[in-house]
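One-letter residues, chain by chain:
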Amino acid sequence: MELLAAHLQELAEQIEAYPVSSRSELEQFKAYFLGRKGVLSAYFDRLPELPREERARWGRQLNALKEAVLARYERLRAEIEAREAQQSPIGDLSLPGRRPFVGGVHPLTQTLRTIVRIFTRMGFAVAEGPEIETDWYNFTALNFPPEHPARDMQDTLFVDSEVLLRTHTSPVQVRVMERKPPPIRIIAPGRVYRNETISARSYCLFHQVEGLYVDEGVTMADLVQTLQVFARHMFGPSARIRLRTSFFPFTEPSAEVDVSCFLCGGTGCRVCKGSGWVEILGCGMVDPNVFEAVGIDPERYTGYAFGLGVERIAMLRYQIDDIRLFYENDLRFLRQFPIS
Ligand code: PHE
């Protein structure tokens, strides 16, 4: 019994001293003591050889040694894992993940996409033109005579006397009609620039969507119907529009179009300034002088055109009361418009 005690004492020391520096050595350590042919197993196997009254005592001792092996095993395993985590090029794989920042789509882009989708479904193709334009496309071909006071309607940013930043998307009308004979049915979304005092209601750049439909027999009724369909899709089935006579050099007759204020339903609120209506676009029948400038026979063809303000529509849609918010890129503002 004394010899057995000494053996077990030695075993206890071996358990603590067995060298372990890697995962494979750790498994070897456990197998050496606890494996089917391990050292401790051999002692367990021979327990029945002891006198009956001694077995329980030595059994407890062997169990204590087994616990010591398992305890050291767990301790070493934790150490090895911690070391591996530090060495890993991507850090501790057991840490919870960081949520990636998901960007949104700018409210103007969302609005622009909605507008474009509505018109393309009605059969309009999308056209584009340059933001840096010549006087011809922005003014002269659109029936603004030189020195005509109508040019003052739009505060132009000039590059030089002939070149300017387009003040509207209407020059795209001219570019499209020059290139292609009727029938023409296009929209032209894009940026425009004006030298205006910046305020809650106006900014030095904004977006328009131009529309142009030219064919034989196009009438103002087609225009009104198209805009009515647009308004219902954009603002909801109860949206109504109204036309007010207006003036643009490139359309005759001309009109401005209001949509019923969907916020208050037309009873009057802050957005519509109590009138129940909000202006969203200018439009009219293409002036024969514009057809002549681009070589389309005004005796044969007629057409309508419109230009709608994207910021206006986005402000209505999201109840935004300051146009500058669109251009400040304040994330606290932008995060309110998740991808739709
Ligand atoms: N280009 C005009 C503007 O910017 C809008 C418009 C477009 C009017 C087409 C009539 C026809 O104010």
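Calculation notes
Residues numbered from 1 in each chain as written. Predicted model: local features only at pLDDT ≥ 70, side-chain atom pairs only at ≥ 80, totals over all residues. Heavy atoms only, no water. Domains from an automatic or database assignment. Pairing = 2+ DSSP bridges. Helix = DSSP H or I, 4+ residues; strand = E, 2+ residues; numbered from the N terminus. Contact = heavy atoms within 4.5 Å. Axes fitted to C-alpha atoms, helices over the stretch in contact; angles between N-to-C directions. Near = heavy atom within 4 Å. Polar contact = N/O pair within 3.5 Å; in protein donor to acceptor, adjacent residues only side chain to side chain. Areas by Shrake-Rupley, 256 points an atom, 1.4 Å probe, with all protein chains shown as cover. Nonpolar A, V, L, I, M, F, W, Y, C, P; charged D, E, K, R; others polar.

Draft legend 1. Summary view of the domain arrangement of the protein chain. You can read the domains of the protein chain as domain 1 (2–87) and domain 2 (107–334). Look at where the C-alpha atoms of domain 1 and domain 2 centre, and you get two points 85 Å apart.

Draft legend 2. Geometry of the sheet that holds strand E10 (residues 302–309). Taken together, the seven strands give an open sheet; going across it, the order is E1-E5-E6-E10-E9-E8-E7, and neighbouring strands pair in mixed fashion. Among the strands making up the open sheet, the edge pair consists of strand E1 (125–126) and strand E7 (241–248). With five bridges connecting them, strand E9 (residues 277–286) and E10 associate as antiparallel partners. Its bridge partner lying in E10, Gly-284 is registered against Ala-305. Packed on one face of the sheet, helix H5 (residues 107–121) meets E1, strand E5 (184–193), strand E6 (205–215) and E10 and runs near 165 degrees to E5. Packing of helix H7 (residues 170–179) onto the sheet brings it into contact with E5, E6 and E10, and relative to E6 it is tilted by some 35 degrees.

Draft legend 3. Representation of the site of the ligand in the model. Around the ligand sit 15 residues, and of these His-168, Ser-170, Arg-194, Gln-208 and Gly-307 come closest. Separating a nitrogen atom of the ligand from a side-chain N or O atom of His-168 is a distance of 3.0 Å. Ser-170 places a polar side-chain atom, nitrogen or oxygen, 3.0 Å from a nitrogen atom of the ligand. Contact with the protein chains covers 92% of the free accessible surface of the ligand, which is 320 Å². For the shell around the ligand, the leading source of residues is E10, giving three residues. Across the shell around the ligand, the residue classes break down as five nonpolar, eight polar and two charged.

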